Amino acid sequence: MTTPSLTGTPAATRPMFGTVLVANRGEIACRVIRTLKALGIRPVAVYSDADAGARHVREADTAVRIGPAAATESYLNIGAIIEACRRTGAEAVHPGYGFLSENVEFARALERAGIAFIGPGVEALNIMGDKIRSKNHVAGYGVPVVPGVAQPGMTDAELVDAAAGVGFPLLIKPSAGGGGKGMHVVQRPEDLAATLATARRVAASAFGDDTLFLERLVTTPRHIEVQVLADSHGNVIHLGERECSLQRRHQKVIEEAPSPLLEALPDGAAIRARIGEAACNAARSVNYSGAGTVEFLVSDDAPDQFYFMEMNTRLQVEHPVTEMVTGIDLVEWQVRIAAGEELTVRQADVELHGHAAEARVYAEVPERNFLPSTGTVLLLDELPGPQQRPGAPARVAMETPRGRVRVDSSLVEGVEVSSSYDPMISKVIAWGEDRTEALDTLDAALAGYTALGLDTNVEYLRLLINDADVRAGRLATGLIERKLPGLSFRRVADAELAAAALFTLAMEEQNNTPPAPGPWQARNGWRLGVPAPRLVSLGTPDGGVAAVRVSGTRDAGAEADGTALDGTVSGRTLLVAVGDGPVRPARLEFPSRRQAVLTLDGRTSTYSIAPVFRGPADPTRDSPVVGIPAELFLGNGGWSCRLDVLSREARLDRVLAALQREEGATDPAVRSPMPGTVVSVPVSDGDTVAAGQLLVSVEAMKMEHQLVAPLDGTVHLTARPGDLVKADQVLATIHPHAGDTDADTGAGAGTNTDTDAFNGEGA
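Conventions used here
- Residues numbered from 1 in each chain as written.
- Predicted model: local features only at pLDDT ≥ 70, side-chain atom pairs only at ≥ 80, totals over all residues.
- Heavy atoms only, no water.
- Axes fitted to C-alpha atoms, helices over the stretch in contact; angles between N-to-C directions.
- Helix = DSSP H or I, 4+ residues; strand = E, 2+ residues; numbered from the N terminus.
- Parallel < 35°, antiparallel > 145°, perpendicular 65-115°, else oblique.
- Left-handed = near helix turned anticlockwise from the far one by under 90°.
- Contact = heavy atoms within 4.5 Å.
- Nonpolar A, V, L, I, M, F, W, Y, C, P; charged D, E, K, R; others polar.
- Buried < 20%, exposed > 50% of the residue type's maximum accessible area, 1.4 Å probe, protein only.
- Pairing = 2+ DSSP bridges.
- Phe/Tyr/Trp six-rings, centres within 6.5 Å; stacked < 30°, edge-to-face > 60°.
- Lys NZ or Arg CZ within 6 Å of the ring centre and 35° of its normal.
- pLDDT = per-residue confidence, 0-100.

## Brief notes about the packing of helix α13 (residues 435-447) against helix α14 (residues 458-465)
Working step 1: The geometry of α13 relative to α14 is characterised by a closest axis approach of 10 Å and an angle of 160° between their N-to-C directions. Here α13 is positioned roughly antiparallel relative to α14, judged by the angle of their axes. Regarding α13 and α14, the two cross each other, and that crossing is left-handed. Of the residues in α14, those touching α13 at L439, L442, D443, L446 and A447 are V458, L461, R462 and I465.
Working step 2: Looking at side-chain class alone, the contact of α13 with α14 contains 7 nonpolar, no polar and 2 charged residues.

Here it is in structure tokens:
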């Protein structure tokens, strides 16, 4: 039995294949490439136009362009991937997860081309790829299933009629879906018809199949899944379970191994054996080979009762937690089994050591209903420890005082995170001797995780894993929805504003030649009488303006009246006032190019900092000083913010916009929250609409954003289905009815991302 190792990757051995093409992108492509290289196999990457500079492209030995950004024309293009295999001599394809990983037609096409598919056979893909067929199939092999209606070809009307027998609340699931995508909870019978229509559209768009089925919604459910390995010689084993109950919109957020529910039970080992054997029986029923996961719903009230949900015939996003507690490299065994080798690990060999937890890092804004974020990675620090030299291979794991940390990531500095694909950008995995140590190690790793240039959910992840119920192991699939309204997110405070202002002045000082002698050219606030402080105007994330006034001191440590701001800003004690607040001593020091240490009123804070410079190279009336950043990104403790450095004109625009908001004026324009594709426009140009009525649905980053009317009136549309739109592009405008201009509708333009739409990626 292999003891748990830092990465789970073995030393290089004789290759089973000479060349393997990885038909995926992002962190999973990088993770597969890592094991292929360890096995001495030449990895080939594929990429779309949007991923030309991506990390997986850089880490592979060879990379092949397969099409434009749209997944349907690149990562879902079977012909393009097989042609890439022919061009590079790839003998096998590893599909990762999502995209074509569970596509039976892809497996058949590879078989016809004489290329090995690193995954199960066609029979397993065909049966388990259809949720209705798989549920009915495994029930015949003694695997318990959730009560419901699962018959192919049922119309909406037939599903509505059958729903009474299932009972409410119930769950609508797409038959061709997977990984929780496109599922919808219906609490009341009167909501079923409308939700079915949405579910069919999402299923057709994401999976090319709008077949739906209904299941009874199990109350206080735990989502527990079992990892299986099987070969073509008849050997089937399980590697224990993973707890995946912390979910949002049926998408996993935090995963653990083993399950704290089973660990806390006196007969937990016996239940583990039973649920593991049920998973193995599901695999045996389809002559499974490779790595797969069987997902179960387990009642929190009666843990010995569990129900089959689905089998994922691929690697899971959360597979690292199993690797961390077993020491078994699942990707290595996928490759070996696909090459015809016999599984040498027996069930008796499998032991679970310690505890592991994984957090999925997304480019999104939790406070804005988890709106996906885009941007360029300006500064990246994903693992604790000293910075690596430029050009060195990225570190993926390291020991810590209390455990181990591993990061599976898609990021490198300078890469652009676009709206074309899933917003998951990395996974942080931690191992400890027990669950408390694992969660503590994960929290410390997230506190040090920095990706400046875009918004992430890292702060939200830290809040979750430090919640009292989570720490106590009281998990449920509805816990996040229940806890989310009470989460308190950090706001930009005086310390961040002071740090940004001092950094801006330090950049001005560093990047500009000294002005000509004399008081009239000076920028230090000199005037007759008391010197004027330097004013730095900053745009805050909520659209507001913060004014920071900075002046010098008569003595380096004094708290006296301000003097003209002469001399160096960096490392010198100055006087700072934020807004109408008091004047306080502040000092900003730079221990490295990427860090700034602020001491404000005796309290010290350390920030990662990334400036963005824009504008002309020569001074103009609007930009009189060259070298002042246009934006600043600051990171601290897993939290980050963006602050705009405002010109006088930009400051005035923000002030006027704030006044309009205070007066209650409603913006009649409906804008796209981010770049994407218009997938639905349920109203017609010139229609009379009510505040809150759905106008346009935009698909971006695998989610469908529903844009609603901000007020009553007549709608003028500027978008239609299929249009590619930019962030903040106006898609519709509401012309209010006479006399309704100042009406307080209480609705406001916004987005509703409860309806998921997917392009085939993710798990």
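There is more to say after this.
## Some remarks on unusual backbone geometry
Working step 1: Cis peptide bonds are those with omega within 30 degrees of zero, and the linkage from F168 to P169 qualifies with 0°.
Working step 2: Residue position: P169 is located in the loop between α7 (156-166) and β7 (170-174).
Working step 3: Residue P258 follows A257 across a cis peptide bond; omega there is -5°.
Working step 4: Along the chain, P258 falls in the loop between β12 (251-257) and α9 (260-263).
Working step 5: In this structure, N287 is a non-glycine residue whose phi angle is positive, near 50°.
Working step 6: Turning to its location among the elements, N287 is positioned in the loop between α10 (268-284) and β13 (290-299).
Working step 7: Its identity as a non-glycine residue notwithstanding, F370 has a phi of 60°, on the positive side.

## Comments concerning the environment of V331
Working step 1: By the secondary structure assignment, V331 is in helix α12 (residues 330-338).
Working step 2: For V331, a relative accessible area of 0% puts it in the buried group.
Working step 3: Considering only alpha carbons, one finds V331 and T35, 296 residues apart in sequence, at a separation of 6.8 Å.
Working step 4: Excluding its chain neighbours within four sequence positions, the residues that come into contact with V331 are R31, V32, T35, H94, L315 and E323.

## What to know about the sheet that holds strand β3 (residues 62-67)
Working step 1: The strand order across the open sheet formed by 5 strands is β3-β2-β1-β4-β5, and the pairing between neighbours is parallel. Sheet topology places β3 and β5 (116-117) at the edges, where each strand pairs with a single neighbour.
Working step 2: The pairing of strand β2 (residues 42-48) with β3 spans 5 bridges and is classified as parallel. The residue of β3 that forms the bridge with Y47 is R65.
Working step 3: Contacts from helix α3 (residues 78-88) reach β1 (19-22), β2, β3 and β4 (92-94), with the element oriented near 150° to β3.

## Focus on the packing of aromatic side chains
Working step 1: For the coordinates displayed, the defined rule picks out 6 aromatic pairs.
Working step 2: Note on Y75 and Y421: the rings are 5.6 Å apart at their centroids and 80° apart in plane angle, and the pair reads as edge-to-face. With Y75 in the loop between β3 and α3 and Y421 in the loop between β22 (416-417) and β23 (424-432), this pair connects stretches of sequence that are 346 residues apart.
Working step 3: On the basis of an interplanar angle of 70° and a centroid distance of 5.0 Å, the ring pair of F370 and Y460 is categorised as edge-to-face. Separated by 90 residues along the polypeptide, F370 in the loop between β16 (364-365) and β17 (371-372) and Y460 in helix α14 bring together distant segments of the chain. Neither F370 nor Y460 differs from the other in exposure class; each is buried.
Working step 4: Pairwise contacts between aromatic rings join Y75, F99 and Y421 into one cluster.
Working step 5: Positioned over the ring face of F370 is R248, at 3.6 Å from the centre of the ring.
Working step 6: Looking at R404, its charged tip hangs above the ring of W431, at a distance of 4.3 Å from the centre.

## Some thoughts on the confidence of the model for the protein
Working step 1: In this model, the protein carries an average pLDDT of 87, and 86% of its residues clear a pLDDT of 70 or more.
Working step 2: In this model residues 1-12 is a low-confidence stretch, pLDDT under 50, and it forms 33 contacts with partners more than four residues away in sequence or in other chains.
Working step 3: Confidence drops under a pLDDT of 50 for residues 555-560, and excluding neighbours within four residues, the segment shows 7 contacts in the predicted structure.

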